[in-house]
Every structure is written in structure tokens, then in C-alpha cells.
Amino acid sequence: MKRTHMCGELTINDVGKNVVVMGWVQRRRDLGGLIFLELRDRTGLIQIVFSEQLSKEAFDKAQHVRNEYVLAASGKVVKRSEENVNPNLETGNIEIYVSEFKILSKAETPPFMVEDRNNVSEAIRLKYRYLDLRRPSMQKILLTRYKITRIVRDFLDKNGFIDIETPLLIKSTPEGARDYLVPSRVQPGKFFALPQSPQIFKQLLMISGFDRYYQIAKCLRDEDLRADRQPEFTQIDIEMSFVDEDDVISINERMVAKIFKEILNIDLELPFKRISWQEAMDRFGSDKPDLRFGMELKNLSSIFVDSEFKVFKDAIDNGGSVRAINVKGAASIPRRQLDELVEYVKTYKAKGLVWIQMSDDGPKSQISKFLKEAELTQVLNTMEAEKGDLILIIADRNNMIVYDALGHLRLEMGKRYNLIDENKYEFLWVVDFPLLEYSEEEKRYVAMHHPFTAPKDEDIEMLDKNPGQVRAKAYDIVLNGMEIGGGSIRIHDTELQKKMFEVLGFTDEDAEARFGFLLNAFKYGAPPHGGIAYGLDRLTMILTGTDNIRDVIAFPKTQNACDLMSDAPSEVSKEQLDELHIKVNL
RNA sequence: GGCCCAAUAGCUCAGUUGGUUAGAGCGCCAGCCUGUCACGCUGGAGGUCGAGGGUUCGAGCCCCUUUUGGGUCGCCA
């Protein structure tokens, strides 16, 4: 028997045809003298019918068929009578009268039913991932993922980009995330790293003159996992020569618009909004603001410069600030929930949270007695507070803590009060990131993006005296509060790159040992270049409406970075270790 | 590394203040059933209550440790 049709593709137009379908048994309904099976393939379901009249042999065999058996069934497509139509099934107006069929493969009773309404725990799903992936919703997600990459390849191809592979076994450059290491058998005691991204190689390809490059590239980072983070993930990696920020941004906007048009049939308005990193932090307390709702941060510092309320004044005097959000209509929040919010902001290192409830009897706050009448009035004016509102204030000596805590609080309150329209797609570019940030841990400046990001021309002179103030030619593309991609114009000048390494605290020897090959390459004529990389997994999450990165990856890892299906990672034999000259020290 | 949540039948869950033989739905097995479509009816099998220790006359339930899964902070150039 040769398959003639896919199950879900049969229609009323096929009535009368003799067809052969193949697939898995979704469900069996045995009425005694009549057996209905639903047969499933990736296109959908079709009901196939067995009875003694149609074929005694087939009917007898069908008695023994169970769920998830793999069948080939041959028979005639028949229109169902009016009263037997199943409106819940795509193919519900037809069925196949089976004259002959073959069990291609038997199946044990699966640990869970292969159906979307089944609410099976993720651990079980991951252990039997091949069964989980039979479910239509999972098939749809992976199909969408495939469509996205196809659109991307199409678009980039038409715009002159070339897909070039870069190596997986590369030099470890201990800057950034923790590397996955691979021991070298040939060179005892030495290790490769798996790439955190193809960053340096794509820059070298620009120096090689390929002009426009892309790759759907696996990236590996040995860091802890999150709902949107896997150790092994995929980037849409792009690099272009002879471009500035606007060039990169505009071609990417067109690509993203094409993806949204073809996947969701949504026409995005171009160009996307652009705001500076500073503005994003000031207004939203985040470098990836969710623009689907307001509740913007307001700076109250000027009100409290001479305040008698120590907490606020102290924050301001020490270079910090006092900022707040207004949660409209939340004044009647119970005390217990306010206490929870205090705990919530503490997870972001805020020391406390001041609230003002705009109750019917006027403003109520736990710090009322510390506030002067004029201060309160100014706060309420600035916050445009009305009866029924809840003002939440955070002060700290460290502005980043104020931003971070209040930014997360804004998101949390947006969620709690249902202010987020799930059908909206709010894009923006966040630009003018700081080039460097000071690391308390390492007591030095570290690159905010990566050490190859170019500073803005007008800020280069500050590199020596005021490195924290230098802005970068960097841009992130943000959608609904998620960073879906980021990139920059790169340094293409040996001297500037050396300068950058110097600011990062590398000695010449360090820089030479780690990145000497790149510095060398710059010597032989490097074009100005820049690019971007998207998180394909996160993009797919948004386009499929999932909030869990494991759902958009066929075979993902658990929070402990394990594969529950294959049981990786696992121990290896002594022989394998010996060959690699590795001794395990537990 | 820290904090929080969860773990009881194949799956999803209930299980009262610590008290008789741990339940339900789905699934599974058997029988009946010719228009079902989450078929129906009848009957049946199925449990190391994640693991280890403790308290107690008595532990699914309380305490400690631990494992696994999830969320999160740190971390993620």
C-alpha cells in the first residue's frame, strides 16, 4: 500500500475516491458490530470505519487495534449523512470505509493520551518527548518555528546575505557567560569552548569581504536556566559591512515586519519607535520596556532634596533618587498585599516601599507623619494622583536599584490589574546603551554588550576620564517587554579596539592572548561593520503565544540542565576519560 | 549559591484535627453493543503516598535531611 493522501487534507471533494491513508490511532470507538477509529497524522484527523459488511477481514483485525498503533488503511471516501457530521473535526463531514488495512506498528499503552486537552506534568512530557511532540499544539509550534526561519532565509537571501557556517569548537574567551568546555584529545590539558555566539567569526567574515552574512546558529551558555533561557539556544545571526546603525535597524524592521505579516497576518507600522536607554530606564525602569500599558515612572527627587524624611534625602544626597508609579484604581488594596509588595521589591534589592493610598478620606501612607504638606501635594501633582489611586514609591542611593525594583513592580501591577493587552504587539528599539558598566564584583568596567561594540564617535574622548558616561552604538529590539534581538556597530580599528581592551582592564598581553587573532585581522583592512542577533526561541514564543521556552524547542533541558528523555548528561567510561587525560575530582 | 511552590494509581487530582481496609475521573483489561465521535453499559485489575530518618500507641498528614520537577534572585559580554 502506498499513501495517497494525508489524513487532514481529505475534503468533501475526495468523496468517491479510493484512498490510502497512514497514521496513528488517535481514538477507537468500538460499537460491537461497527468500529470507528480516528487516524492522525501531522495534518489532522480522519475517521475510518470498519464493519463486517465492508470487509470481514479488516473488521476482525480492527478488534485488536489500540491507541497509537500505526496503520495503513485503504478504502473509499464517503460523505457522512447530515446527522452524522462531526462539526468539531476538520474532516467531520467525510469518513473512509475501510476495505483493507495493515498494522504497520503496534504500540504499548502510552503513559498519557496524545491530545492537547491533556494537562500532563512537564516532567512526564519531557521524558516521553516523542509522544508529547505528536500533540497538535506542539506540532503547530515547531511548524511555526520552521516557517519563521524559512521567511528569514528568504528575506536575507533576497537582500544579498550569505549563510556561512562558523565553528563549534572554538577558543575560550573568558568574558561574558560561562563557557561549555570540550577537552582536546590530541592536545592533552587543552580545551575548546562551544560558542556563546558566532560573534568574532562573523566579524572576521566581514574582514574577509563577504559583506553580508547570516546564520541560524546554535549558541551555548553554561548559566542557570529560566522560563525563557536554555543552555542551548538559537540565534538568527546577522552581520553587514559598510553600514551604520540606521542601515542595520531599517533592514531588520523590514524583516521583522515580513515575519509578522506572514505568520500572524499583522501589518506592523514602520519605522518602530526608538528611545534611548536612559529614557527607557527613566520612564519604565527597564531596558526592555513593555509598551502595552502606561504606569510610567516619575522622578520625585526634586521634591525631596531638602526633605526631613531621612530615607528619601539620604538616597538623593548619595547620588540616588526617589521615583514612583501610580497604579490607577488600586487604592483599596488590602494591607496584606501591600506587605507582599514590599517583599516583592526586596527581591530586587530595594530596601523598602512607600505607598500612598488615595482613599475616600484623603491620602493615606505609612510615612504620613514624616511628610510635609507641601511635599505630599507636590508628589500627588507629579503623579497626577486621583481618588482611588495607589502611589508606590521607591528610594535608593543606587539608581539602578530604583529602576529595577520599580520597573518590575510596574510589570507586576500591570499583570495584577490586567492592563496588558495580549493581542498587542508593541515594538521599539532601545538605543544609546552605555558602553560599559562598573562591576562591583570585579572592581573594573565590563562591556555592557560585548568588548567589540563601538562607542559613539562624540563620546570616544570620555573613554579615559569618564568611561561610565560613554554611550555605545548599540541597539536592542524589544517586543512586549522581551528583548528579542540586540546588536551594535563594531569597532573596526585596531587602535580603538586596543583602547577598549585597556579600559576593560586587560593588559596588552591579556588582549593579545585572548583576542590577538582579531586584532591581527584588523590590521589588514577591516570594513566598518555591524549587525544584530535575534533569539529565535523567544521570537517563536511570542509568535506562538507560549510563555515557556521549552515549548518552542523540540528536545529541551530541564532547570537542572538535564535531558529527561535521554538522561544526559551522564557519566562516561574510564577509558574515555583516560583518552582525554581527565581526572574527575568530586 | 539563596528564596518560594509541588511530589498520593499509567495520567490529572481529592484525602478533614495525626485514627478502621487510601478514594475519584480519565486511561488500562474483560464482556455486551451497527452510527459513534471525549460513544454507552456491566465487571475487573492497578498504590514503596518521591526517598531516608525522627516524633507518636498510631504518620499520606507533623519535624529534619535528601532527590526530582517548576518559578525566581544571583548569574546570563
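Reading guide: rules and limits
- Residues numbered from 1 in each chain as written.
- Chains lettered and ligands numbered in written order.
- Predicted model: local features only at pLDDT ≥ 70, side-chain atom pairs only at ≥ 80, totals over all residues.
- Heavy atoms only, no water.
- Helix = DSSP H or I, 4+ residues; strand = E, 2+ residues; numbered from the N terminus.
- Buried < 20%, exposed > 50% of the residue type's maximum accessible area, 1.4 Å probe, protein only.
- Areas by Shrake-Rupley, 256 points an atom, 1.4 Å probe, with all protein chains shown as cover.
- Lys, Arg positive; Asp, Glu negative; His and termini not counted.
- Charge placed at Lys NZ, Arg CZ, Asp CG, Glu CD.
- Core = buried A, V, L, I, M, F, W, Y, C linked by side-chain atoms within 4.5 Å.
- Contact = heavy atoms within 4.5 Å.
- Phe/Tyr/Trp six-rings, centres within 6.5 Å; stacked < 30°, edge-to-face > 60°.
- Lys NZ or Arg CZ within 6 Å of the ring centre and 35° of its normal.
- Pairing = 2+ DSSP bridges.
- Axes fitted to C-alpha atoms, helices over the stretch in contact; angles between N-to-C directions.
- Near = heavy atom within 4 Å.
- Polar contact = N/O pair within 3.5 Å; in protein donor to acceptor, adjacent residues only side chain to side chain.
- Patch = residues over 30% accessible without salt bridge, like charges linked within 9 Å, V, L, I, M, F, W, Y side chains within 5 Å.
- Salt bridge = Lys/Arg side-chain N within 4 Å of Asp/Glu carboxyl O.

> Kindly report on the overall build of chain A, identifying the contributing residues and their values.
The helix and strand tally for chain A stands at 16 helices and 22 strands. Per-residue burial for chain A yields a buried fraction of 49% across its 586 residues. Of the roughly 29800 Å² of accessible surface on chain A, a fraction of 48% belongs to carbon and sulfur atoms. Computed over 81 positive and 94 negative side-chain charges, the separation of the two mean positions in chain A equals 4 Å.

> Break down the nonpolar core for me, citing the residues and quoting the values.
Core analysis: the largest hydrophobic core is formed by 103 residues, its most contacted members being I238 and L392. Excluding residues within four positions of it along the chain, I238 makes contact with L156, F161, K202, Y213, Y214, N252, M255, R490, G531, I532 and Y534. Counting residues in each nonpolar core, the second largest holds 23 residues, with C7, L37, L39 and I94 among its members.

> How would you summarise the packing of aromatic side chains if you had to cite specific residues and measurements?
Applying the stated criterion across every chain, the model contains 15 aromatic pairs. When the ring of F272 is compared with that of F427, the centres are 4.5 Å apart and the planes differ by 10°; the resulting orientation is stacked. Separated by 155 residues along the polypeptide, F272 in the loop between α6 (245-264) and β11 (273-276) and F427 in strand β17 (residues 427-431) bring together distant segments of the chain. F272 sits in the buried class, given a relative accessible area of 7%. Centre to centre, the rings of F304 and F312 are 4.7 Å apart; their planes meet at 75°, and the pair counts as edge-to-face. Grouping residues by exposure puts F304 and F312 together as buried. Above the plane of the ring of F293 lies R410, whose end atom (NZ or CZ) is 4.0 Å from the centre. The lysine or arginine in question, R514, covers the ring of F506, its NZ or CZ lying 4.7 Å from the ring centre.

> Could you give an account of the sheet that holds strand β16 (residues 390-396), with specific residues and numbers?
Taken together, five strands build an open sheet; the order of strands is β12-β13-β16-β14-β15 and the sheet is antiparallel. At either margin of the open sheet sits one strand with a lone partner, and together these are β12 (298-299) and β15 (362-365). Each of β13 (321-327), β14 (354-359) and β16 touches helix α8 (residues 310-317); the most contacted strand, β16, lies at about 50° to it. Taken strand by strand, helix α11 (residues 399-416) contacts β13 and β16, and its axis lies near 5° from that of β13.

> Describe the protein's contact with RNA strand B, listing the residues and the values that go with them.
Surrounding RNA strand B, one finds 49 residues, the nearest of these being R27, D30, Q53, G176 and H449. For RNA strand B, the fraction of protein-proximal atoms (within 4 Å) that sit in sugar or phosphate groups is 52%. With respect to RNA strand B, the backbone of P111 contributes an N or O atom lying 2.9 Å from a sugar or linking oxygen. A distance of 2.6 Å separates a base nitrogen of RNA strand B from a polar atom in the side chain of D224. Listing elements by their share of the surface near RNA strand B, those giving two or more residues are β1 (18-30), β2 (34-41) and β5 (94-105).

> Report on the sheet that holds strand β3 (residues 44-51), specifying residues and quantitative values.
Taken together, five strands build a closed barrel; the order of strands is β1-β2-β3-β5-β4 and the barrel is mixed. Each strand of the sheet is rotated relative to its neighbour by a mean of 55°, with strand direction disregarded. Two strands pair when backbone bridges link them, and β3 and β5 are joined in this way by two bridges, in the parallel orientation. When the bridges of β5 are listed, I48 appears paired with I96.

> Hey, could you go over the pairing of strand β18 (residues 436-439) for me, with residue numbers and the actual values?
Where β18 lies against strand β19 (residues 444-447), four bridges are found, and the strand directions are antiparallel. Bridging across to β19, L436 finds its partner in A447. Connecting β18 to the antiparallel partner β19 that follows it, the hairpin turn spans four residues, and K443 within it adopts a positive phi of roughly 55°.

> So, a nonpolar patch on the surface: which residues are in play, and what are the values?
A cluster of nonpolar side chains, contributed by Y130, F555 and M565, occupies part of the molecular surface with about 290 Å² of accessible area. Note that F555 resides in the loop between α15 (536-544) and α16 (574-579).

> Can you explain the pattern of salt bridges? Please cite residues and give values.
Summed over all chains, the structure comprises 54 salt bridges. One salt bridge in this structure joins K202 and E239, with 3.3 Å as the shortest N-O distance. Taken together, the residues K202 in helix α5 (residues 199-207) and E239 in strand β10 (residues 232-241) connect sequence positions 37 residues apart. The exposure class assigned to K202 is buried, which follows from its relative accessible area of 1%.

> Account for unusual backbone geometry, with residues named and values stated.
Note the cis peptide between L270 and P271, where omega equals -5°. With respect to the secondary-structure elements, P271 resides in the loop between α6 and β11. Along the chain, A568 connects to P569 via a cis peptide bond; the corresponding omega equals 0°. Within the element layout of this structure, P569 appears in the loop between α15 and α16.

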